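Chain by chain, the residues run as shown.
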Amino acid sequence: MAHRARICYTKKVRAGRRAPGRKGSRKMRVKKDLDRRRLVAAAMGQEPCDLTVKNVRFVNVITGEIYPAEVDVLDGVVVRVREKGRQAEQESRAVYDGGGRYLAPGCIDIHMHIESTMMTPENFGRAAVLCGTTSVFVDPHEIANVLGVDGVRFMIENAKASPVRQFNLAPSCLPSVPGAEGNGATFGPQEIAQLLETDGVFGVAELMDFYNVTHGSEKMRGIAGEGLARDMLIQGHAPKLEGGAIAAYALAGPSDNHSIRDSWEVVENLHAGLYVDLQENSLGASTMPQLVEGLKGMRYTDHVCLCNDDVHAKDLLETGHVNRLIKSVLRQGVHPMDALRWSTYNSARSARIDDLGALAPGYVADMQLLDELDGRDPYAVFFEGALVAEGGRLVNETPAQPIPAAVRGGTVRIAGLTGPESLALRAPGGAGDTVKVAVLDYDTPTARSDLFYEVLPVKDGLVDLSGREDLCFIAVWNRHGSGEGTVSVARHLYLRDGAMATTVSHDCHNLTLCYRRPEDGYAAAQALARCGGGFCTVQDGRVTGLLELPVAGLMSELPCRELVPAIARQEQATDAIFERPGRMMKLSLVSLACTQNAVITDKGLFDGRTQRFYEQFPKD
């Protein structure tokens with residue numbers, strides 16, 4: 001059994017927090033301008049180190065070995081790893097006794113959206129570091145869809161106070177599918193170039209518009225070209241592509257793909273030379289068994305990483321961050337050393353960062369002490385050689401930064417939604433007692449749907465769903481001021497009563513509603529407009545649940561432990577109006593246009609496969 005760790009300081013060890021940025025070469029180091037003379041002298045025992053972590057079982061993710069060792073750190077980087085009994089002790093200003101625990105590199109999430117945690121970057125970092133995460137690669141396209149370049153700059157600035165290193169990328173697809181949805185900003189090659197020259201921006205975020213990437217649109221060529229010209233990281237998003245299409249996608253510039261959901265996609269992507277980011281998010285059912293199945297028979301897994309993509313505060317607090325992904329792949333029979341390598345060394349190699357992801361001379365001293373290699377939370381975490389967490393608590397926690405007024409509130413502008421009548425579905429002129437209308441069917445494991453047509457009754461010129469318990473109304477309304485909106489019919493959302501509304505609607509983050517009566521839907525919309533966004537439930541015109549997310553209508557200012565109970569209360573209120581539990585986040589995906597499914601956007605009903613709009617009321 002591991003002993004309680006003890007630390008003796010003679011000099012304070014400090015760590016930087018600045019989110020790194022770069023221009024130029026795609027290969028990089030996090031720690032630049034090192035005094036290598038001092039490091040060399042320390043390695044030779046001629047100069048004392050800042051910190052020694054002793055009495056540990058050292059996890060070498062480069063070789064796959066575990067052995068007793070002591071690790072010496074100076075200026076935030078590893079100087080030596082001394083195998084116990086083989087090398088003389090090193091003088092250090094501080095010594096930390098690891099109590100016989102495993103010492104491993106800090107975990108790296110190769111792709112995620114911090115906004116999906118519903119926390120600010122600073123508060124996210126304070127929660128994630130307790131799970132052993134020390135670096136994340138961030139696509140801030142959620143807030144960019146609301147506030148454009150200013151939103152990205154907020155994420156970079158707020159992350160500077162985080163105990164987790166945050167590599168922000170330039171969102172590449174605003175909107176995610178041009179012409180399919182309205183959002184708060186449009187990015188083209190010029191905006192991408194501007195961001196890539198901004199301190200704190202590391203590369204180009206996921207190229208979600210895979211259709212136009214593979215069909216060679218001028219806009220997507222230009223966006224990828226800005227990253228290629230600077231030899232910077234370009235991340236991918238290419239669901240269900242195979243053969244020539246996945247080859248074309250890889251040739252366009254992306255180096256990885258996190259949007260795969262099945263075993264055959266794993267094979268196609270690895271055979272195309274892409275890094276595969278095995279994903280398990282908070283938005284839908286896990287497909288990790290299928291993803292791991294795709295690796296069967298492969299001798300090498302150097303191109304396999306782990307990512308959360310979208311993880312909510314509740315899951316982060318209760319099940320972990322990158323370590324929850326480690327637990328997930330371990331359940332599929334993956335060896336613990338492989339799981340650790342995928343979440344550390346491989347991720348750094350995917351981004352071509354030379355000094356992250358392992359513990360060896362010259363590598364950044366991001367370290368975690370673990371009682372077991374089973375995905376549990378670490379006992380202690382070091383960031384650049386400084387102790388930042390121990391025993392499940394932060395060390396030297398400071399007050400959160402204030403949120404700028406331009407980011408907090410005022411981003412829910414639902415022009416044109418003037419009353420309940422705006423949310424009624426009006427039949428086309430000349431319709432009689434019935435009309436043929438498009439219905440989105442959500443009887444699937446995720447929120448993605450199919451579309452079919454059904455003849456429904458018309459009453460006073462409006463489509464009438466009376467007596468149809470399997471149907472309800474669904475609407476997406478532009479919340480960025482355009483006044484556009486779409487009202488349609490949904491099946492199998494299992495809404496029993498009342499209404500639910502949210503401004504967390506990937507990726508446009510428009511206002512999305514489902515309701516039985518337009519009056520309830522309108523009341524929910526008004527409540528979100530007043531508080532600045534979030535989630536709301538209504539019954540009989542009365543607000544029964546409200547989760548306020550005033551930071552761009554996406555994030556709360558609360559820390560994780562305070563936010564999670566608020567989310568739980570909203571989930572309770574949501575479960576009360578649906579026949580099936582766990583429906584709160586389902587509505588967040590119904591407007592996601594960059595899928596090969598039928599979706600609803602503020603501009604109409606859209607087919608992601610053909611990139612065309614459906615007729616809502618067909619004439620035949």
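Please read all numbers here as calculations on a predicted model, not as lab measurements.

What counts, and where the lines are drawn
Residues numbered from 1 in each chain as written. Predicted model: local features only at pLDDT ≥ 70, side-chain atom pairs only at ≥ 80, totals over all residues. Heavy atoms only, no water. Helix = DSSP H or I, 4+ residues; strand = E, 2+ residues; numbered from the N terminus. Buried < 20%, exposed > 50% of the residue type's maximum accessible area, 1.4 Å probe, protein only. Contact = heavy atoms within 4.5 Å. Phe/Tyr/Trp six-rings, centres within 6.5 Å; stacked < 30°, edge-to-face > 60°. Lys NZ or Arg CZ within 6 Å of the ring centre and 35° of its normal. Disulfide = S-S within 2.5 Å. Pairing = 2+ DSSP bridges. UniProt positions renumbered as here; feature names shortened; annotations may be inferred. Expected span 1.5 Å × (residues − 1). Axes fitted to C-alpha atoms, helices over the stretch in contact; angles between N-to-C directions. Parallel < 35°, antiparallel > 145°, perpendicular 65-115°, else oblique. Left-handed = near helix turned anticlockwise from the far one by under 90°. Nonpolar A, V, L, I, M, F, W, Y, C, P; charged D, E, K, R; others polar. Polar contact = N/O pair within 3.5 Å; in protein donor to acceptor, adjacent residues only side chain to side chain. Salt bridge = Lys/Arg side-chain N within 4 Å of Asp/Glu carboxyl O.

### A few points about the overall build of the protein
Stage number 1. Looking only at helices and strands, the protein has 16 helices and 30 strands in total.
Stage number 2. For the protein, the spread of C-alpha atoms along the three principal axes comes to 90 × 50 × 45 Å.
Stage number 3. Counting over 620 residues, the protein shows a buried share of 62%.
Stage number 4. For the protein, the share of sequence-separated contacts (at least 6 apart) that also reach a separation of at least 24 residues comes to 70%.

### Here's the deal with the packing of aromatic side chains
Stage number 1. Applying the stated rule across the entire model yields seven aromatic pairs.
Stage number 2. Seen in terms of ring centroids, Phe-58 and Tyr-67 are 5.6 Å apart; in terms of plane orientation they differ by 45°. Their pairing is tilted. Taken individually, Phe-58 and Tyr-67 each receive the classification buried, so the pair is uniform in this respect.
Stage number 3. These aromatic residues form a ring-pair network of at least three members: Phe-137, Phe-167 and Phe-202.
Stage number 4. The ring of Tyr-102 carries Arg-57 above its face, with NZ or CZ at 4.0 Å from the centroid.
Stage number 5. Across the ring face of Tyr-345, the terminal group of Arg-349 is positioned such that the distance to the ring centre comes to 4.3 Å.

### Quick notes on the state of the cysteines
Stage number 1. What the rule picks out here adds up to zero disulfides.
Stage number 2. Take Cys-107: it sits in no disulfide, and the sulfur closest to it among the cysteines is that of Cys-131, at 9.3 Å.
Stage number 3. Residue class for Cys-107 comes out buried when judged on its relative accessible area of 1%.
Stage number 4. Cys-531 forms no disulfide, and the closest cysteine sulfur to it belongs to Cys-536, at a distance of 7.5 Å.
Stage number 5. Take Cys-531: its relative accessible area is 15%, and that puts it in the buried class.

### Digging into the pairing of strand S15 (residues 367-370)
Stage number 1. The two faces of S15 match: Met-367 and Leu-369 on one face and Gln-368 and Leu-370 on the other face are all buried.
Stage number 2. Pairing geometry for strand S6 (residues 102-105) and S15, over four bridges, is antiparallel. Paired with Leu-103 across the strands is Leu-369, a residue of S15.
Stage number 3. Pairing between S15 and strand S16 (residues 380-383): three bridges, direction antiparallel.

### Thoughts on the sheet that holds strand S29 (residues 604-607)
Stage number 1. Judged by pairing direction, the sheet is antiparallel, and its three strands sit side by side in the order S28-S29-S30 without closing on themselves. In this open sheet, the two strands that pair with only one neighbour each are strand S28 (598-601) and strand S30 (612-613).

### Looking at the UniProt feature "domain: Adenine deaminase C-terminal" (unreviewed entry) in the protein
Stage number 1. Per the UniProt record, "domain: Adenine deaminase C-terminal" (unreviewed entry) is found at residues 455-611.
Stage number 2. Across residues 455-611 one finds 19% helix and 32% strand; the C-alpha atoms that close the span lie 25 Å apart.

### Considering helix H16 (residues 560-575)
Stage number 1. With 16 residues, H16 extends 22 Å between its outermost C-alpha atoms, agreeing within 8% with the 22 Å of an ideal straight helix rising 1.5 Å per residue.
Stage number 2. Looking at H16, one finds that the buried residues are Cys-560, Leu-563, Val-564, Ala-566, Ile-567, Gln-570, Ala-573 and Thr-574.
Stage number 3. Check the buried side of H16 and you find it contacts helix H2 (121-128), helix H11 (313-319), strand S24 (499-502), strand S26 (534-539) and strand S27 (542-548).

### Overview of the packing of helix H5 (residues 189-196) against helix H7 (residues 218-229)
Between two packed helices, the angle of one axis relative to the other and the distance separating the axes together describe the packing.
Stage number 1. Contact pair H5 / H7: the axes reach a minimum separation of 8 Å and the direction vectors enclose 15°. Taken as axis vectors, H5 and H7 run roughly parallel relative to one another. Note that H5 runs across H7; the crossing there is right-handed. Contacts between H5 and H7 pair Pro-189, Ile-192, Ala-193 and Leu-196 from the former with Lys-219, Gly-222, Ile-223, Glu-226 and Gly-227 from the latter.
Stage number 2. Of the residues assigned to the contact of H5 with H7, the class counts are five nonpolar, two polar and two charged.

### Some remarks on the sheet that holds S27
Stage number 1. The strand order across the open sheet formed by nine strands is S21-S20-S19-S23-S22-S25-S24-S26-S27, and the pairing between neighbours is mixed. The two strands at the open ends of the sheet, each matched to only one other strand, are strand S21 (462-463) and S27.
Stage number 2. Bridging between strand S19 (residues 434-441) and strand S20 (residues 450-459) involves eight bridges; their strand directions are antiparallel. By the bridge assignment for S20, Leu-440 is matched with Leu-451.
Stage number 3. Packed on one face of the sheet, helix H15 (residues 518-531) meets S24, strand S25 (511-515), S26 and S27 and runs near 145° to S26.
Stage number 4. Of the strands in this sheet, S24, S26 and S27 are in contact with H16, which crosses S27 at around 150°.

### Remarks on H15
Stage number 1. The terminal C-alpha atoms of H15, which comprises 14 residues, lie 20 Å apart, in line with the 20 Å expected from a rise of 1.5 Å per residue.
Stage number 2. H15 sits mainly inside the fold: 10 of its 14 residues count as buried.
Stage number 3. The elements touched by buried residues of H15 are S24, S25, S26 and S27.

### Describing the side chain of Thr-503
Stage number 1. Here Thr-503 lies in the loop between S24 and S25.
Stage number 2. The exposure class of Thr-503 is buried, given its relative accessible area of 0%.
Stage number 3. One polar contact links the side chain of Thr-503 to the main-chain amide nitrogen of Gly-534, over a distance of 2.9 Å.
Stage number 4. A polar contact is formed between the side chain of Thr-503 and the backbone oxygen of Gly-553, at a distance of 2.7 Å.
Stage number 5. Here Thr-503 is in contact with Val-412, Arg-479, His-509, Asn-510, Leu-511, Leu-528, Gly-533, Gly-534, Gly-553 and Leu-554, once residues within four sequence places are set aside.

### Some details on the pattern of salt bridges
Stage number 1. All chains considered together, the criterion is met by 28 salt bridges.
Stage number 2. Note that Asp-366 is salt-bridged to Arg-165, the shortest N-O span being 2.6 Å. Taken together, the residues Asp-366 in the loop between helix H14 (345-350) and S15 and Arg-165 in strand S9 (residues 165-170) connect sequence positions 201 residues apart. The same class applies to Asp-366 as to Arg-165, namely buried.
Stage number 3. Between Lys-296 and Glu-293 there is a salt bridge; the shortest N-O distance is 3.0 Å.
Stage number 4. Overall, the relative accessible area of 57% leaves Lys-296 in the exposed class.
Stage number 5. By sharing partners, the salt bridges in this structure join Lys-31, Arg-165, Asp-366 and Glu-384 into a single network.

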